[in-house]
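# Structure at a glance
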Amino acid sequence: MLFVLGKGGVGKSVVSASLGLLAAERGRRAIITEAAGAETMAALFDREPVGYTPGRLATNLQALSIQPGAAVEEYLVRTLKFRLVYEMVFRNRFVEPFMSAVMGLSDLITVGKVMDLEWERVDGSFGPDAEGPNKYDLIIVDSPATGHGLSLLRSPQAMMDVTRVGPLFNNARLIRDLLADEQKTGVVLVTLAEDMPVSETIQAATELRERGNVHISGIVVNGVVPPVFDDPATAECWDRVRRQGLELGGAAAESVRDAERSLRDRNRAEEHIARLRETLGLPLIELPLLSKRDLDAKALAELGTVLGAWS
Amino acid sequence: MSDSSAPDLNEVVKAHKVLVICGTGGVGKTTVSASIALGAALAGQRVLVMTIDPAKRLADSLGVVGKLNEATPIDLRAALGDDVELSEGGSLHAMMLDAKGTWDDTVRRFAKSQDTQDRIFNNNYYQRASESLSGSQEYMAMERLLEMHATEAYDLVVLDTPPTRNALDFLEAPDRLMAVLEEGILGWLIPKKRGRFSPVAAGARLFGRGREAMFNVLERFMGADVIRGLADFISAMSELLDGMRSRAGEVMELLRSEDCAFLMVAAPNRIALSEGLYFHDRLAEAGIPFRGFVINRVRPAFGEGKTPATPWESNWTRSGEATYDAAVEQVWDEHRRRTRWAHVDRHHINALKAHCGPTLPYVEIPELEGEIHDLDALRLLLAYLE
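Residues numbered from 1 in each chain as written. Chains lettered and ligands numbered in written order. Predicted model: local features only at pLDDT ≥ 70, side-chain atom pairs only at ≥ 80, totals over all residues. Heavy atoms only, no water.

Assigned secondary structure in chain A consists of 12 helices and 8 strands. Taking all 311 residues of chain A together, the buried fraction comes to 55%. Considering only contacts within chain A whose residues lie at least 6 apart along the sequence, 68% involve residues at least 24 apart. Accessible surface computed for chain A: about 12,900 Å², of which carbon and sulfur atoms make up 50%. (Helix = DSSP H or I, 4+ residues; strand = E, 2+ residues; numbered from the N terminus. Buried < 20%, exposed > 50% of the residue type's maximum accessible area, 1.4 Å probe, protein only. Contact = heavy atoms within 4.5 Å. Areas by Shrake-Rupley, 256 points an atom, 1.4 Å probe, with all protein chains shown as cover.)

Okay, here's the thing in structure tokens:
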């Protein structure tokens, strides 16, 4: 299981999709989960919106949108066998949000749903003790923005602290232990090579490490501007080219100004990436900035290949 | 930089007392809010900018670190130096909002007795509810906005709204929160008395015989302590509702009034702009005054129109030296890449304008280099906000 975490707007969904495609191409059955209402996966793959039952994105790749209402029902009725509680409390659209917030229940249930997927077997059996091959080899969780994403991972412990006893407590403990299992669960932190996102990533990684309840698999730096003049011979010419271009004026001068800006952008990006590497010492991969008008499945597949350098 | 038929942003800023700045996360909302506020202050207005969780360095530069829920004056002269022109009477205050602190204030204001206050503050669930109840931040931002507007200490209050996945959540959240508190908690758990919630009756009857069976089940599910704590919290909170409800009504009235304008900050990409469109349409439906877009981080390019495929079709000429010509081709590739980006952004912005019509200001801020985290950098932004 991979939880893909990051600040809003850094491209968590794109990274999730790329990871999923990569796994699928290698013949692993993968599924991407996202929060209800987002429906980003369907849009990225140009498909009909997926619902609470898994929908197909590509060969070996499915997506599922976690709807709190449906997840709560499933959790209480199927996992905990408390249909009465569900009928009384959670079918009430006004009571449910309150209980969810006060108890942190909706976060727990979102994580719980992911665990359910982990517990599903090819033969249809289900549960922590079920035998046989898993229905999904890789579960990718396109998580909410950093703060909320972190509270998602914290939710089992939070529930245990509140309840201390009973079925809810026991289930939360199961989930917590599965999250803490390095063999099974990892976090991927997604960021941009910019000041604020990098600082937030360092902060999030530090917090995760201090709490020690989940393993960080690595960092993906998204949208990195490509190197400019990275071979020494061209670099040597650059100064002459620059001077001549500015002298020529017109389109030549414009192209020189654009190249100058690219160089500066690249240098800044490199500084931020160096800071990430030095501070955290985690495996890190860079995804190039895509210039396509909008991401399509083909662009995603390309990104997936870059991510492949990782495993 | 707006269309000639539309009012420019400065006019919009001048004509209103409250600016609500909306947008999804990551588009630079806080920076734009601070910049607009700074501009108005330099122009001689008394301005307050309210923000939730701004970039730490921006907060540092504004000098509001650690001070929550308090309007902190910013010394513009000290921050900007002597050569900056400051109009008479202009001032800038900044306030960092904190949902928990504002809840505390709300409890203090509306609790009818010290006992109720203590019961709420000492309740384990209170902290959790005040932080994570969906809509809390939004409700509290509105609450604060109303309060600051009412002081009449400012000519302009700029509210940087909490980041929401969907910009519209911000508007709907307070209503939803009230519905949850009223209908849900009280309607379900606590019997009404003559159409009003009666805390006294509520406390006594919460575990009444009719509901005993239900609570037994809940108790087995969550543990007895949990249920008892929740019940106590709910009955104490019920006292606050009348006060909160009337405040929520006043907030909506303010937002619909002539004093208030909504601006949206968007980035020029498909997702951000389609949300912008949706937001624009929904505000119009709700009768709330939408007054313009600030499109941030528009990727600039030198040169316009179509760029030829190779430099040799432009005014570059081959030198015959292979590495030199290769370097020129690389320069040209960068040029083409950036021109393409600029076209993509232009395409998205044109689609937005076509949808929303020519009567709104569409202010564009180019993608600037480096980070914006001090007043000087904010002042640079001002040049684009005209």
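Turning our attention to the overall build of chain B. When helices and strands are counted, chain B shows 16 helices and 10 strands. A buried classification covers 53% of the 386 residues belonging to chain B. Of the contacts made within chain B by residues no fewer than 6 positions apart, 79% connect residues no fewer than 24 positions apart. Of the accessible surface of chain B, which amounts to about 16,700 Å², a share of 48% is contributed by carbon and sulfur atoms.

Bringing helix H9 (residues 195-211) of chain A into the picture now. The α-helix winds at 3.6 residues per turn, so residues separated by three or four positions along the chain end up facing the same way. Residue and element names in this part refer to chain A. A rise of 1.5 Å per residue sets the reference length of H9, with its 17 residues, at 24 Å; its end C-alpha atoms lie 25 Å apart and thus fit the reference within 8%. The set of residues buried in H9 consists of Asp195, Pro197, Val198, Thr201, Ile202, Ala204, Ala205 and Leu208. Residue Gly212 follows H9 closely and has a positive phi angle near 65 degrees. (Expected span 1.5 Å × (residues − 1).)

Judged by nonpolar contacts, the single largest core of 54 residues is most densely connected at Phe3, Met115 and Leu189 of chain A. Here this core gets 8 residues from one element, more than from any other, and that element is helix H6 (residues 105-119) of chain A. Sequence-distant contacts of Met115 of chain A, defined by excluding residues within four places in its chain, comprise Met1, Phe3, Ile175, Leu178 and Leu179 of chain A. Ile36, Leu76, Ala261 and Val294 of chain B belong to the second-largest nonpolar core, a separate cluster that totals 38 residues. (Core = buried A, V, L, I, M, F, W, Y, C linked by side-chain atoms within 4.5 Å.)

So, on to the pattern of salt bridges. The final tally for this structure, using the stated rule, is 31 salt bridges over all chains. One salt bridge connects Asp265 of chain A with Arg261 of chain A, and the closest N-O pair in it is separated by 3.5 Å. Here Asp265 of chain A and its partner Arg261 of chain A are both found in helix H11 (residues 250-280), 4 residues apart, which amounts to about one turn of the helix. Judged by relative accessible area, Arg261 of chain A falls into the buried class, the value being 9%. We note a salt bridge from Arg337 of chain B to Glu334 of chain B, for which the minimum N-O separation is 3.0 Å. (Salt bridge = Lys/Arg side-chain N within 4 Å of Asp/Glu carboxyl O.)

To continue, consider the side chain of Asp142 of chain A. Residues and elements named next belong to chain A. Its location among the elements puts Asp142 in strand E5 (residues 138-142). Accessibility expressed as a relative area gives 8% for Asp142, which makes it buried. Those residues within four positions of Asp142 in sequence are excluded, and the remaining contacts are Val4, Lys12, Ser13, Ser16, Ile32, Thr33, Glu34, Ala35 and Met41.

Residues and elements named next belong to chain A. On the basis of which strands lie adjacent, the open sheet formed by 8 strands has the order E3-E4-E2-E5-E1-E6-E7-E8 and mixed pairing. For this open sheet the edge positions go to strand E3 (55-58) and strand E8 (284-288), each flanked by a neighbour on one side alone. Strand-to-strand twist of the sheet, defined as the mean angle between neighbouring strand axes without regard to direction, takes the value 25 degrees. One ladder, built from 4 bridges, connects strand E1 (residues 2-5) with strand E6 (residues 186-192); its direction is parallel. For Leu5, the partnering residue across the bridge sits in E6 and is Leu189. This element, helix H1 (residues 12-25), spans E1, strand E2 (30-35), E3, strand E4 (61-66), E5, E6, strand E7 (216-224) and E8 of the sheet and lies at about 170 degrees to E5. (Pairing = 2+ DSSP bridges. Axes fitted to C-alpha atoms, helices over the stretch in contact; angles between N-to-C directions.)

This part takes up the pairing of strand E10 (residues 362-366) of chain B. All names here are of chain B. The element E10 is extensively covered by neighbouring structure, given that 5 of its 5 residues are classed as buried. Taking every second residue as pointing to the same face, both faces of E10 are buried, with Tyr362, Glu364 and Pro366 on one and Val363 and Ile365 on the other. Pairing of strand E9 (residues 290-298) with E10, which is carried by 4 bridges, proceeds in the parallel orientation. Bridge pairing links Phe293 to Tyr362 in E10.

Right, let's talk about the packing of helix H6 (residues 114-121) of chain B against helix H12 (residues 224-237) of chain B for a bit. Residue and element names in this part refer to chain B. Viewed as axis vectors pointing N to C, H6 and H12 meet at an angle of 140 degrees, and their least axial separation amounts to 9 Å. With respect to H12, the axis of H6 lies oblique. Between H6 and H12 the crossing geometry is left-handed. Mapping the contact onto sequence places Thr116, Arg119 and Ile120 in H6 and Asp232, Phe233, Ser235, Ala236 and Met237 in H12. For the contact of H6 with H12, the residue count by class is 4 nonpolar, 2 polar and 2 charged. (Parallel < 35°, antiparallel > 145°, perpendicular 65-115°, else oblique. Left-handed = near helix turned anticlockwise from the far one by under 90°. Nonpolar A, V, L, I, M, F, W, Y, C, P; charged D, E, K, R; others polar.)

A separate point is the environment of Ser136 of chain B. Mapped onto the elements, Ser136 of chain B comes out in helix H8 (residues 136-151). Taking the C-alpha atoms as reference points, Ser136 of chain B and Trp103 of chain B, 33 residues apart in sequence, are found 8.4 Å from one another.

What follows covers the state of the cysteines. Residue and element names in this part refer to chain B. Tallying each qualifying case throughout the model produces 0 disulfides over all chains. Here Cys260 stays free of any disulfide, with the sulfur of Cys22 as its closest cysteine sulfur at 9.0 Å. The exposure class of Cys260 is buried, given its relative accessible area of 1%. (Disulfide = S-S within 2.5 Å.)

Our next topic: the sheet that holds strand E2 (residues 46-52) of chain B. Residue and element names in this part refer to chain B. The strand order across the open sheet built from 8 strands is E3-E4-E2-E5-E1-E8-E9-E10, with neighbouring strands paired in mixed fashion. Pairing within the sheet leaves two strands with one partner each, and these edge strands are strand E3 (72-74) and E10. Averaged over neighbouring strand pairs, the angle between their axes works out to 20 degrees when direction is ignored. Most of the contacts of H8 go to E2, to which it runs at about 165 degrees, and overall it touches strand E1 (18-22), E2, strand E4 (91-97) and strand E5 (156-160).

Residue and element names in this part refer to chain B. One can describe the packing of helix H5 (residues 99-110) onto helix H13 (residues 241-256) by two numbers: an axis separation of 9 Å at closest approach and a directional angle of 115 degrees. Considering the relative orientation of H5 and H13, their crossing is right-handed. Taking contact as the criterion, the partners of Trp103, Thr106, Arg109 and Phe110 in H5 are, on H13, Gly243, Met244 and Arg247.

The subject of this paragraph is H8 of chain B. All names here are of chain B. Between its first and last C-alpha, H8 extends 23 Å over 16 residues, near the 22 Å set by a 1.5 Å rise per residue. What H8 keeps buried is the set Ser136, Glu138, Tyr139, Met140, Ala141, Met142, Glu143, Arg144, Leu145, Leu146 and Met148. Glu152 occupies a position one or two residues after H8 and carries a positive phi of about 60 degrees.

The next subject is the packing of aromatic side chains. Under the criterion given, the structure shown has 5 aromatic pairs over all chains. Aromatic ring contacts, followed pair by pair, group Phe279, Phe290, Phe293 and Tyr362 of chain B into a single cluster. (Phe/Tyr/Trp six-rings, centres within 6.5 Å; stacked < 30°, edge-to-face > 60°.)

Our focus in this paragraph is unusual backbone geometry. Peptide bonds are, in most cases, trans, and in most cases residues other than glycine have a negative phi. Of note in the backbone geometry, Asn60 of chain A takes a positive phi value of approximately 65 degrees without being a glycine. Residue placement: Asn60 of chain A occurs in the loop between E3 and E4. At Glu152 of chain B, a position not held by glycine, the phi torsion is positive, near 60 degrees. Structurally, Glu152 of chain B is set in the loop between H8 and E5. Given a relative accessible area of 63%, Glu152 of chain B falls into the exposed group.

Here the focus is the confidence of the model for chain A. Chain-level statistics for chain A give a pLDDT mean of 83 and a share of 87% at 70 or above. Helix H5 (residues 95-103) of chain A is the least confidently modelled element of chain A, averaging 63 in pLDDT, while H11 of chain A averages 94, the highest of any element. (pLDDT = per-residue confidence, 0-100.)

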